[in-house]
Amino acid sequence: MSIIVLRTATILYALAAVLYVAYFARPRHARLATAGFSALAAAFVVHAVAIGAGCSEFGGKEFFTVRGGMILAVWLAAGAYLVLHKLYRLPSVGAFVVPLALVALIPTALTDPSHPDVPAELVRNAAFHVTAAVLAVALFGIAFGVALMYLLQEREVKGKRFGALFSRLPSLGTLDRLNQRLVRAGFVAFTLALLAGTLNAAAFWKSYWSWDPQQVSSLAIWALYATMVQLRHRGWHGRRYAVLTVVGFVVLAGAMGAVQSFPGATRHTGDYGMRAAAPTEVLP
Amino acid sequence: MSERELFLVGLSHHSAPIEVRERVALSGDALKAALQELVRAEAASEALVVSTCNRVEVLVHAASDAAARAFFTERAADARAHLYAKRGVDAVRHFFRVAASLDSMVVGEQQILGQVKEAYGVACAAGTAGAFLSRLCNHAFATAKRVRTETEIGRGITSLSQVAVELVEKIFGDLAGRAILLAGAGKMGALSAKALAGLGADRLLVANRSPERGLALAAQVHGAFRAWEELPRLLVEADVILVSTGADRHVITKEMVQAAMKARRDRSMCLIDLSVPRNVDPACAEVMDVYAYDVDDLEKVVAGTREARQEEATRAERLVEADVLAFVQERRARAALPVLGKLRRQAEQLARAEAERTLAQLGGLDERGRRSVEAMAQAIVNKLLHAPTARLKKAAACGDAELPAAAAQLCGIEPDAPDAAPAPAAGEPERRAGPDDASRAGSPDAARLSS
């Protein structure tokens, strides 16, 4: 049931992406951007229904997989973009962010939901950790898109190419500020996710730190983004900062992919190491 | 009485130097008086004067353009050599092109439509814009709007200072909390600084070698004067630097910029060199987060706009031509309406008279019977006139003036009667205009005929 709703949402995302890209190509037709916003808002609502349906079908276990995390990330990114649009009115950003969200969502809509054997207790307790982590990834993802726009626009401005891209992309100053705020907000979410995760680990794995590859890579990524926030504080900005944002997100995505692609390397998969922990409690 | 048509007499930047244009240009009460003077010779004629810094054009809907020509020769005897005169459809086309900014010095500029609208407003206030000029203006305004929305003729940047503004906007967004430095007292620099003021910079600093000129310029652009020797420090303080000095060498070098960027903690800097020979070392652009431009770069943008607009102008011309033809055709179709109206009135009168006669003879008919007889008479009129009505309207729309005239003759309609249509000549958009014109269009007769 939830997969059908999710596919409907995917079609709406595709429609929004087409409208935003069309607007980018023909900025004189402002209605395209308005229609894109409406399609995205509709997609967001349908997506929310899909997530709700998924929760009621599988008790939220679905979201403890990479596929589920992706579904959640796209939804949060779409929500974040809708909020950003209300604050900044930058429809041309939609032409970069919405297709990115669509590409992330399509594989999840094509595969059936898996629902690993995660105990309901873990689902309840780690819900905040998962949501915060996914929100952080979503915000870093948007920042990545914005940083790409910055680098594109910087090339045009510096290279004196006053063509179509130059006139369509927002100003460097705006993109730089937007990037900074997204990274900062993402960093806050990421920090909360790490803290909650550590508490969850203590409760379920009986140890705050167990050299789980996911823990190690997350801490490294946290340090990377902490450095970025600090550098920004000390005046870093512009091209250098945009490059950092792009590199940061590539490292993040690469690390997540690497950790998940070695089966058994991390307990952040399948039943989250619950079966291994369970016998000691079950056996008399 | 001879035929009225549209005449346009004028001179513009294409045909006359500014010395002539400024002598015939008018505004305010003088313009109103001139308009009334234009229609004095001939009752019920109409007049409109478009007077801008680039053109003075007189439009009259009259029997001849004598008054319009006199308008110019009375004011400047040597204007005669620079005048152009158009009539009928050529005058309509010219007016449409002017309103659509196709005849402007900078094709696609936005002001001209407002100026033409204002000219129409003045003519209305002076009471010299009647039914014809009102329709002409409304059509021209609609066409100008179409040209603006359906082509990209208004797009792009047409002046160097505007390019500077656009560039700075693309780099910084807005200039809140930032400072502009104007180095040197060149004219382009001052112009650009004024244009940049719209982006809301916090401070405008002026540095110049000669303090006297610098102080004067600072007062002129509402900036703060700084000594020329402070330049390296000013490069740290200011975010946008406009350089416009008369020096023949680089006054801002890469080393200066590198040092400044270090002190600025790499905050972006925009250097715009408006001087020839260049005052900013081109190598400055190599420094990260420094955006440097010279006059050539700005010039390229303007040239690009000009080129793009030229292309769009071709599309716009086609659009205008179609609208001109539509306007002329509509006027011709309207010219057939009086014949039709007269024909129908005559027929209806006849039908009513015959019905009354018949009813009197029959006598003692009840209400229903009376109504049937009247309806029958009316139906005969409608059916008889159906085909002639359609053919006349079609002929009029095609510009065929003979058929309406023949119809008038055939049916014994007096062609010279005050409300009958004179045969319009090819290329002549309108018979005489008057306040009765508009009311006739809305009369029941006309409404029925056109339904």
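Owing to the predicted nature of the structure, the values given are computational and were not obtained by experimental measurement.

Structural notes on the overall build of chain A
- When helices and strands are tallied, chain A shows 10 helices and 0 strands.
- Going residue by residue from the N terminus, the α and β elements of chain A occur as α-α-α-α-α-α-α-α-α-α.
- When burial is assessed residue by residue, chain A has 41% of its 284 residues classed as buried.
- The contacts in chain A between residues at least 6 apart in sequence include a share of 83% that link residues at least 24 apart.

Focus: the overall build of chain B
- Helix and strand counts for chain B come out as 16 helices and 10 strands.
- Buried positions account for 42% of the 451 residues belonging to chain B.

Details of helix 9 (residues 211-220) of chain B
All names here are of chain B.
- For helix 9, the complete set of buried residues consists of G214, L217 and A218. Here the buried residues of helix 9 occupy an arc of 105 degrees about the axis, which is enough to place them on one side. Exposed residues pointing more than 90 degrees away from the buried face of helix 9 are listed as E212 and A219.
- Contacts from the buried residues of helix 9 go to helix 8 (187-196), strand 6 (203-208) and strand 7 (224-227).

Some remarks on the nonpolar core
- In terms of nonpolar packing, the biggest core is built from 129 residues, with L242(B) and L271(B) touching the most fellow members.
- The element that contributes the greatest number of residues to this core is helix 5 (residues 120-158) of chain A, accounting for 20 residues.
- Apart from the residues lying within four places of it in its own chain, the contact partners of L242(B) are I180(B), L181(B), L182(B), A183(B), G189(B), S192(B), A193(B), I272(B) and L274(B).
- Membership of the second largest hydrophobic core comes to 59 residues, among which are A67(B), A123(B), L136(B) and A316(B).

As for the sheet that holds strand 6 of chain B
Residues and elements named next belong to chain B.
- Here we have 6 strands laid out as an open sheet, ordered 7-6-5-8-9-10, and parallel in their pairing. The sheet is open, and its two borders are formed by strand 7 and strand 10 (290-294), each paired with just one other strand. Strand-to-strand twist in this sheet, taken as the mean axis angle between neighbours without regard to direction, amounts to 20 degrees.
- Here strand 6 runs beside strand 7; their pairing, made up of 4 bridges, is parallel. What sits directly across from L205, in strand 7, is A224.

Observations concerning the interface of chain A and chain B
- Between chain A and chain B, the contact holds 13 residues from the first and 14 residues from the second.
- The biggest single contributor to the side of chain A that touches chain B is helix 7 (residues 172-204) of chain A, with 3 residues.
- Considering only residue class, the side of chain A that touches chain B consists of 4 nonpolar, 6 polar and 3 charged.

Some points on the environment of F58(A)
Residues and elements named next belong to chain A.
- By the secondary structure assignment, F58 is in helix 2 (residues 30-58).
- When the C-alpha atoms of F58 and A120 are compared, they prove to be 9.9 Å apart, with 62 residues separating the residues in sequence.
- Residues contacting F58, with those up to four places away along its chain left out, are P113 and H115.

Some remarks on the packing of helix 12 (residues 295-362) of chain B against helix 14 (residues 402-410) of chain B
Residue and element names in this part refer to chain B.
- Relative orientation of the contacting elements helix 12 and helix 14 amounts to 20 degrees, with a least axis distance of 10 Å. Of the possible angle classes, the one that applies to helix 12 and helix 14 is roughly parallel. Of the two possible hands of crossing, helix 12 and helix 14 adopt the one that is left-handed. In this structure, helix 12 contributes A336, V339 and L343 to the contact, and helix 14 contributes P404, A407 and A408.

Focus: helix 3 (residues 66-88) of chain A
All names here are of chain A.
- Taking 1.5 Å per residue as the helical rise, helix 3 with its 23 residues ought to reach 33 Å, and the 31 Å between its terminal C-alpha atoms agrees with that figure.
- Among all positions in helix 3, only G68, G69, I71, L72, A73, V74, W75, L76, A77, A78, Y81 and L84 are buried.
- The inward-facing, buried residues of helix 3 contact helix 1 (2-25), helix 2, helix 4 (91-110) and helix 5.
- R89, located one to two residues past helix 3, shows a positive phi value of around 55 degrees.

Side note on unusual backbone geometry
All names here are of chain B.
- Cis rather than trans, the peptide bond between V276 and P277 has omega equal to -5 degrees.
- Along the polypeptide, P277 turns up in the loop between strand 9 (269-273) and strand 10.
- Of note in this structure, S101 is not a glycine but carries a positive phi near 65 degrees.
- Examined against the element boundaries, S101 turns out to sit in the loop between helix 4 (88-99) and helix 5 (111-126).
- Positive phi values are uncommon outside glycine, yet H222 reaches one of about 60 degrees.
- Mapped onto the elements, H222 comes out in the loop between helix 9 and strand 7.

A few points about the sheet that holds strand 4 (residues 84-87) of chain B
Residue and element names in this part refer to chain B.
- Pairing in this open sheet of 4 strands is antiparallel, and the strands run 2-3-1-4 from one edge to the other. One side of each edge strand has no neighbouring strand; the edge strands of this open sheet are strand 2 (46-51) and strand 4. Averaged over all neighbouring strand pairs, the angle between strand axes comes to 15 degrees, with direction disregarded.
- Sheet strands in contact with helix 3 (residues 66-75) are strand 1 (5-12) and strand 3 (55-62), and its direction is about 155 degrees off that of strand 3.

Section: the environment of A68(B)
Residue and element names in this part refer to chain B.
- One can find A68 in helix 3.
- When the C-alpha positions of A68 and L35 are compared, they lie 9.8 Å apart, and in sequence the two are 33 residues distant.
- Once residues lying within four places of it in the same chain are set aside, the contact partners of A68 are F7, V9, L38, V58 and V60.

Description of the confidence of the model for chain B
- Per-residue pLDDT for chain B has a mean of 84; in total, 90% of the residues score no lower than 70.
- Contacts of residues 416-451 of chain B to residues separated by more than four positions or lying in other chains number 67 contacts, the stretch itself having pLDDT below 50.

Let's talk about the environment of G177(B)
- Positionally, G177(B) belongs in the loop between helix 7 (160-172) and strand 5 (179-183).
- Residues G177(B) and D239(B), 62 residues apart in the sequence, show an inter-C-alpha distance of 9.8 Å.

Reading the values: rules and limits
Residues numbered from 1 in each chain as written. Chains lettered and ligands numbered in written order. Predicted model: local features only at pLDDT ≥ 70, side-chain atom pairs only at ≥ 80, totals over all residues. Helix = DSSP H or I, 4+ residues; strand = E, 2+ residues; numbered from the N terminus. Buried ≥ 20, exposed ≤ 12 C-beta atoms within 10 Å, placed from the backbone. Contact = placed C-beta atoms within 7 Å. Arc of directions from axis to C-beta. Core = buried A, V, L, I, M, F, W, Y, C linked by C-beta atoms within 7 Å. Pairing = 2+ DSSP bridges. Axes fitted to C-alpha atoms, helices over the stretch in contact; angles between N-to-C directions. Nonpolar A, V, L, I, M, F, W, Y, C, P; charged D, E, K, R; others polar. Parallel < 35°, antiparallel > 145°, perpendicular 65-115°, else oblique. Left-handed = near helix turned anticlockwise from the far one by under 90°. Expected span 1.5 Å × (residues − 1). pLDDT = per-residue confidence, 0-100.

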